[in-house]
Amino acid sequence: VQLEESGGGLVQAGGSLRLSCAASGRTFMAWFRQAPGREREFVAAVSSSGATTWYADSVKGRFTISRDNAKNMVYLQMNSLKPEDTAVYYCAVMRVGYYSDSVRYKDAYDYWGQGTQVTVSS
């Protein structure tokens, strides 16, 4: 499984960005982020079909995860960005045999992209 993120950049607070992840496979997928000096944290996840999504409380209502299985793409639409959203964002593929009760745990994912930097200025 190969993953490739794109769409990061520098944006002012209140602005928007859309991250994309090119990925093969039909399992749960997620976005995580890691800020300097902090642990990698869960942001959002989407089920295999795209019908069900999960979000961290910190991004709920501002971020939207989606997938297009025909194009093998996963997206993260980020609106109303805040300086505290600044981090490297990673897409990840869930391990076979793990399901919805594990979506928030990084150990449930075995393939990761290289990450894309998102910087939000105040």
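Residues numbered from 1 in each chain as written. Predicted model: local features only at pLDDT ≥ 70, side-chain atom pairs only at ≥ 80, totals over all residues. Heavy atoms only, no water.

### Some points on the overall build of the protein
Per the secondary structure count, the protein includes zero helices and 11 strands. For the protein, the α and β elements follow one another from N to C terminus as β-β-β-β-β-β-β-β-β-β-β. A globule of 122 residues ought to have a C-alpha radius of gyration of about 14 Å, and the protein, at 13 Å, matches this closely. For the protein, buried positions account for 44% of its 122 residues. Look at the contacts in the protein between residues 6 or more apart in sequence, and 56% of them connect residues 24 or more apart. Only carbon and sulfur atoms are counted for the fraction: they give 45% of the accessible area of the protein, which is about 6,400 Å². Separation between the mean location of the 13 positive side-chain charges and that of the 11 negative ones in the protein comes to 4 Å. (Helix = DSSP H or I, 4+ residues; strand = E, 2+ residues; numbered from the N terminus. Rg over C-alpha atoms; globule rule 2.2 N^0.38 Å. Buried < 20%, exposed > 50% of the residue type's maximum accessible area, 1.4 Å probe, protein only. Contact = heavy atoms within 4.5 Å. Areas by Shrake-Rupley, 256 points an atom, 1.4 Å probe, with all protein chains shown as cover. Lys, Arg positive; Asp, Glu negative; His and termini not counted. Charge placed at Lys NZ, Arg CZ, Asp CG, Glu CD.)

### What about the state of the cysteines?
A complete count under the given rule lists one disulfide for this structure. Here C21 pairs with C91 through a disulfide, and the sulfurs are 2.0 Å apart. Handedness of the C21-C91 disulfide follows from its S-S torsion of about 55°: it is right-handed. Of this pair, C21 sits in strand 3 (residues 17-23) while C91 sits in strand 9 (residues 87-94), placing them 70 residues apart in sequence. For the pair C21 and C91, one class covers both residues: buried. (Disulfide = S-S within 2.5 Å.)

### Considering the pairing of strand 3
Taking burial as the measure, the seven residues of strand 3 include five buried ones, the bulk of the element. In terms of strand pairing, strand 1 (residues 3-6) meets strand 3 through four bridges, oriented antiparallel. Within the sheet, the bridge partner assigned to L3 lies in strand 3 and is A23. (Pairing = 2+ DSSP bridges.)

### Regarding the pattern of salt bridges
Per the stated rule, a full pass over the model turns up five salt bridges. Between D57 and K60 there is a salt bridge; the shortest N-O distance is 3.3 Å. Given a relative accessible area of 66%, D57 falls into the exposed group. Note that D85 and R62 form a salt bridge whose closest N and O atoms lie 2.7 Å from each other. Linking D85 in the loop between strand 8 (73-78) and strand 9 with R62 in the loop between strand 6 (53-55) and strand 7 (63-68), this pair joins segments that are 23 residues apart in sequence. Overall, D85 belongs to the buried group, its relative accessible area being 1%. One continuous salt-bridge network, built from bridges that share partners, spans R33, E41, R62 and D85. (Salt bridge = Lys/Arg side-chain N within 4 Å of Asp/Glu carboxyl O.)

### Some thoughts on the side chain of T27
Position of T27 relative to the elements: it lies in the loop between strand 3 and strand 4 (29-34). Contact partners of T27, with chain neighbours within four places excluded, come to S48, R67, V93 and M94.

Just distances and angles here, no functional claims.
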